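Commentary on secondary and tertiary structure
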There are 2 protein chains.
Amino acid sequence: MQKPTLISVDEAHAAVLGHARRMDSEEVDSARAQGRILAQTVHADRAHPPFDRVAMDGIALRVVDLATRRTFREQAFQPAGAAPLRLDGPGECIRVATGSILPEGADAVVQVELLRPDGSGSWTVLAETVREGANIHRLGGDLACGAVVADPGRGLDAAALGALATFGATAPRCARIPSVALVCTGDEIVPPDRIPSAWQIRASHPATLLAALHAAGFADVAVHLCSDAPGALEALLARLPPVDVLLCTGGVSVGERDRVPASLEDAGFRRVFHGVSMKPGKPLWFGIHDSGRSAFGLPGNPVSALVALVRFAIPHLRARLGDLRPDRFLRLPLENPPSEDSRTRFLAASLVDHPDGTRVRIVRGNGSGDLPGLLGAAGFVEIPPGPVSPVAAYRGWA
Amino acid sequence: MQKPTLISVDEAHAAVLGHARRMDSEEVDSARAQGRILAQTVHADRAHPPFDRVAMDGIALRVVDLATRRTFREQAFQPAGAAPLRLDGPGECIRVATGSILPEGADAVVQVELLRPDGSGSWTVLAETVREGANIHRLGGDLACGAVVADPGRGLDAAALGALATFGATAPRCARIPSVALVCTGDEIVPPDRIPSAWQIRASHPATLLAALHAAGFADVAVHLCSDAPGALEALLARLPPVDVLLCTGGVSVGERDRVPASLEDAGFRRVFHGVSMKPGKPLWFGIHDSGRSAFGLPGNPVSALVALVRFAIPHLRARLGDLRPDRFLRLPLENPPSEDSRTRFLAASLVDHPDGTRVRIVRGNGSGDLPGLLGAAGFVEIPPGPVSPVAAYRGWA
């Protein structure tokens, strides 16, 4: 039996990012763009704020007039959303609402809490000093017209989408989301809605891997089950419409019945690596096609497959989007550090609140690597080989 | 001007959770159930593993036979997914594949790495000792038939959906997702796809709040802009189809033109609180309707509105789902602790990787509370009043 040369987790990670062909882009309605990755630069089409904006309810006046008087007659009310009024002579003020444009001729706003109204439409200023520009958010104070609001690779979250709306970018160009197909091999698995024979199990990979893909923003996934019969995988691969990223599970070791690597190579994928020094997940295969399409051969054990997906396939997918942060993890103190080992380990773990800071707790199952053992966990911690550090990288799967 | 009585952030949080009427439930196709909250108990419909399962490629034999011989004739091959074969007399073995059912009469599996094949269909066992049960994952070793797989309130992530698939629960009952309407008041705002006048701004709240709601699993949100004209909000509220949770922005202070609280009360919502000792976000209003519907009056400033949404409205929505963890936060070391203050503060922040563990960095804008100042942040840290602790709770908005 041929032993593959194992590469390190870091080498494998660099390879899946390095071979991530960038997707093309498409315009996306901003109302449905949450989580998408920007593929253009967005510039401010106007300054922000776009006018001298009143930051408090109160009165607008001229500071110089305060040298000679404290009481001002209310000339008019300037609501938010209306064209600016003009302040008349000294002794006058204009009542203003938060968000309104500063009336012409005024240079400060005194907030209502520092005013005393009298009954005859005048206001007395109680503030000892009022400086020019008080409670005015100046034109362009946040951003100049033409400034960069967001760069390609930026994730469209609440902050970015709010800023894009502010500048009228309602159809930003975003990276097209890669199409994904998931092919699960194995004669022992039946679809979850069927009653298995006593010696069969229901397919759990599709549900598990789809959920993790969905949580990472990849919802366009076609699922296929494939038997172990000779030629079955080759026939399926020949028949499948091409997808940007092909994920196969099972049949990826070096045994005689492990047909996935050879089948993927027959289908035109060139092997980048086969075998990573990690547990679980060692027999991972990754290859690319001249067209830019990519393929992973994930282990057949469902927990191993999830580890490989979270650590390699999802970062690869995110790198294909041009995401500037394709790999998302937290580095947190380990509540129960494991003993030393010679290979990188991925252990199911959950986050635990603690007054000194969030910790990560390794959830020890019965070692079978089966899904029910993951129910108390929410992700994996990565423990590099050698002496165990008190902090570890944690990646959630949702 | 009437000053509202401010309650603490913790009191407000307890109130929004305490007044979260539970949603009814519906069956959901498990392929689209990622992120949903389970509303039923799921039991194992069979043991797991459902049979004595072979955990390694190798040969199955009887341990007692090893007392008299090391070489065994390969009687047959037992693939995964096939009915069990029966081991014949001593001196025989059955070659087995990972995932197959243990052949009848066998009580151990020797993995292929510890075997030497000879040319005539026999295998010599190189392992010094083989214990009974070796490389066999026993029937029911993970879970007994009938055991609880998942409880109501459990979030359906990769682990849960994989386990549900394993036990054939392909249409779990989940909490119905609350319908949400977002009503943004203000004469100064125009829809983002329109060219504003010099004294107007584009509405950014809808994009911001929708993105945060979407990221939290609430995608069914109707958006309405509403002018400040007297009666406009009342008319809109009267005309809107009822929703489970109504979110209004702006007009929630105690000024004469702040009509949101009175309008919501006119619409049948009973005030639970108005005003929270926090900045930003102080003028927050929350009320409930006898029907179980709830309403929030969020501040008009977009950053304040996002703080109030993330800290109160989203946990309320998640509590309505029955989520056992309605409020999600990390407690992390502060890279740049702020000075002391008498009110709870929410400061825009981002996560920073550090060899000693992930830290949170406060992102200081220009204090305007405007969205462009959030672009370098990904969430808020919460700084309680009084002496500043070196660690703080962080909530991401996506």
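Treat the numbers as computed from the prediction; the structure is a model and nothing was measured.

**Re the overall build of chain A**
When its secondary structure is counted, chain A shows six helices and 26 strands. Expressed as a percentage of its 398 residues, the buried residues of chain A come to 53%. Residue pairs at least 24 apart in sequence account for 70% of intrachain contacts in chain A once pairs closer than 6 positions are excluded.

**Some details on the sheet that holds strand β21 (residues 294–298) of chain A**
Residues and elements named next belong to chain A. If you walk across this open sheet you meet the six strands as β16-β13-β17-β21-β20-β18, and the pairing is mixed. On the outer flanks of this sheet lie β16 (221–226) and β18 (270–274), each paired with one strand and no other. Ignoring which end each strand starts from, the neighbouring axes of this sheet average 15° apart. Of the strand pairs in this sheet, strand β13 (residues 180–185) and strand β17 (residues 245–249) are connected by five bridges, and their pairing is parallel. Bridge assignment links Val-180 to a residue of β17, and that residue is Val-245. On the sheet, helix α6 (residues 302–320) packs against β17 and β21 and is oriented at approximately 170° with respect to β21.

**Details of the relation of the copies chain A and chain B**
The transformation that overlays chain A on chain B combines an axial shift of 0.0 Å with a rotation of 180°, and the residual RMSD is 0.1 Å. Accordingly, the operation relating the two chain copies is best matched by a two-fold axis. If distances are taken from each C-alpha of chain A to the rotation axis, the shortest is found for Leu-332 of chain A, at 4.4 Å. Most of the interface of chain A is mirrored in chain B, where 100% of its interface residues are also at the interface.

**Points about the packing of helix α1 (residues 9–18) of chain A against α6 of chain A**
All names here are of chain A. It is at 8 Å that the axes of α1 and α6 come closest, and there the two elements cross at 30°. When the axis of α1 is compared with that of α6, the two are roughly parallel. α1 and α6 meet at a crossing whose hand is right-handed. Across from Ala-12, His-13, Val-16 and Leu-17 in α1, the residues of α6 making contact are Phe-312, Pro-315, His-316 and Ala-319. Among the residues making up the contact of α1 with α6, the classes are represented as six nonpolar, two polar and no charged.

**Notes on the interface of chain A and chain B**
On the side of chain B, 81 residues touch chain A, which itself brings 81 residues to the contact. Of all the secondary structure elements, the ones that give two or more residues to the side of chain A that touches chain B are β11 (148–150), α2 (158–166), β15 (201–202), α3 (205–215), α6 and β22 (330–333) of chain A. A total of nine residues in the side of chain A that touches chain B trace back to one element, the largest contributor, which is α2 of chain A. Here the residues of the side of chain A that touches chain B are counted per class, giving 44 nonpolar, 24 polar and 13 charged.

**A look at the sheet that holds strand β20 (residues 285–288) of chain B**
Residues and elements named next belong to chain B. Ordered in space as β16-β13-β17-β21-β20-β18, the six strands form an open sheet in which the pairing is mixed. One side of each edge strand has no neighbouring strand; the edge strands of this open sheet are β16 (221–226) and β18 (270–274). Pairwise comparison of adjacent strand axes, ignoring direction, gives a mean angle of 15° for this sheet. Examined bridge by bridge, strand β17 (residues 245–249) and strand β21 (residues 294–298) share five bridges and lie parallel to one another.

**With respect to the environment of Met-56 of chain A**
Residue and element names in this part refer to chain A. Within the element layout of this structure, Met-56 appears in the loop between β3 (53–54) and β4 (58–61). What makes Met-56 partly exposed here is the crowd of 19 C-beta atoms within 10 Å. Met-56 sits 152 residues away from Thr-208 along the chain, and the two C-alpha atoms are 52 Å apart.

**Details of α1 of chain A**
Residues and elements named next belong to chain A. Residues of α1 that are buried include every one of Val-9, Ala-12 and Val-16, and no others. For α1, the arc enclosing every buried residue in end-on projection is 65°, short of the 170-degree limit, so these residues lie on one face. Looking at α1, the residues exposed on the side facing more than 90 degrees away from the buried face are Asp-10, Glu-11, Ala-14 and Gly-18. On the buried face of α1, the contacting elements are β18, β19 (278–279), β20 (285–288), α6 and β23 (344–352).

**Focus on the domain arrangement of chain A**
Domain parsing of chain A yields domain 1 (9–23 + 177–320), domain 2 (27–43 + 147–175), domain 3 (53–137) and domain 4 (330–396). Measuring from the centre of the C-alpha atoms in domain 3 of chain A to the corresponding centre in domain 4 of chain A gives 60 Å.

**Some points on the environment of Arg-361 of chain B**
If you trace the backbone, Arg-361 of chain B turns up in strand β24 (residues 359–362). Residues in contact with Arg-361 of chain B, not counting those within four places in the same chain, are Glu-335, Asn-336, Ala-349, Ser-350 and Val-352 of chain B.

**As for unusual backbone geometry**
Each neighbour pair has its own omega, and for His-48 of chain B with Pro-49 of chain B the value is -10°, a cis peptide bond. Here Pro-49 of chain B lies in the loop between β2 (42–43) and β3 (53–54). At the junction of Lys-279 of chain B and Pro-280 of chain B, the peptide bond is cis and its omega measures out at -5° in the coordinates. Note on placement: Pro-280 of chain B falls in the loop between β19 (278–279) and β20. Despite not being glycine, Asn-135 of chain A has its phi angle at roughly 60°, a positive value. Here Asn-135 of chain A falls in the buried class, since 21 other C-beta atoms lie within 10 Å of it.

**Topic: the pairing of strand β6 (residues 92–96) of chain B**
Residues and elements named next belong to chain B. Burial runs high along β6: five of the five residues are buried. Judged by which residues are buried, β6 turns out to be covered on both faces: Glu-92, Ile-94 and Val-96 on one side and Cys-93 and Arg-95 on the other are all buried. Pairing analysis gives five bridges linking strand β5 (residues 71–78) to β6, with the strands arranged parallel. In the strand pairing of β6, Gln-78 is matched with Val-96.

**Describing the packing of α2 of chain A against helix α3 (residues 205–215) of chain B**
Two elements in contact, α2 of chain A and α3 of chain B, have axes whose closest approach is 7 Å; the angle formed by their N-to-C orientations is 155°. Judged by the inter-axis angle, α2 of chain A sits roughly antiparallel to α3 of chain B. Here the hand of the crossing between α2 of chain A and α3 of chain B comes out right-handed. Mapping the contact onto sequence places Ala-158, Leu-161, Gly-162, Leu-164 and Ala-165 of chain A in α2 of chain A and Ala-207, Thr-208, Ala-211 and Ala-212 of chain B in α3 of chain B. Of the residues contributing to the contact of α2 of chain A with α3 of chain B, the split by class is seven nonpolar, two polar and no charged.

Conventions we followed
Residues numbered from 1 in each chain as written. Chains lettered and ligands numbered in written order. Predicted model: local features only at pLDDT ≥ 70, side-chain atom pairs only at ≥ 80, totals over all residues. Helix = DSSP H or I, 4+ residues; strand = E, 2+ residues; numbered from the N terminus. Buried ≥ 20, exposed ≤ 12 C-beta atoms within 10 Å, placed from the backbone. Contact = placed C-beta atoms within 7 Å. Pairing = 2+ DSSP bridges. Axes fitted to C-alpha atoms, helices over the stretch in contact; angles between N-to-C directions. Least-squares fit on C-alpha atoms with pLDDT ≥ 70 in both. Parallel < 35°, antiparallel > 145°, perpendicular 65-115°, else oblique. Left-handed = near helix turned anticlockwise from the far one by under 90°. Nonpolar A, V, L, I, M, F, W, Y, C, P; charged D, E, K, R; others polar. Arc of directions from axis to C-beta. Domains from an automatic or database assignment.

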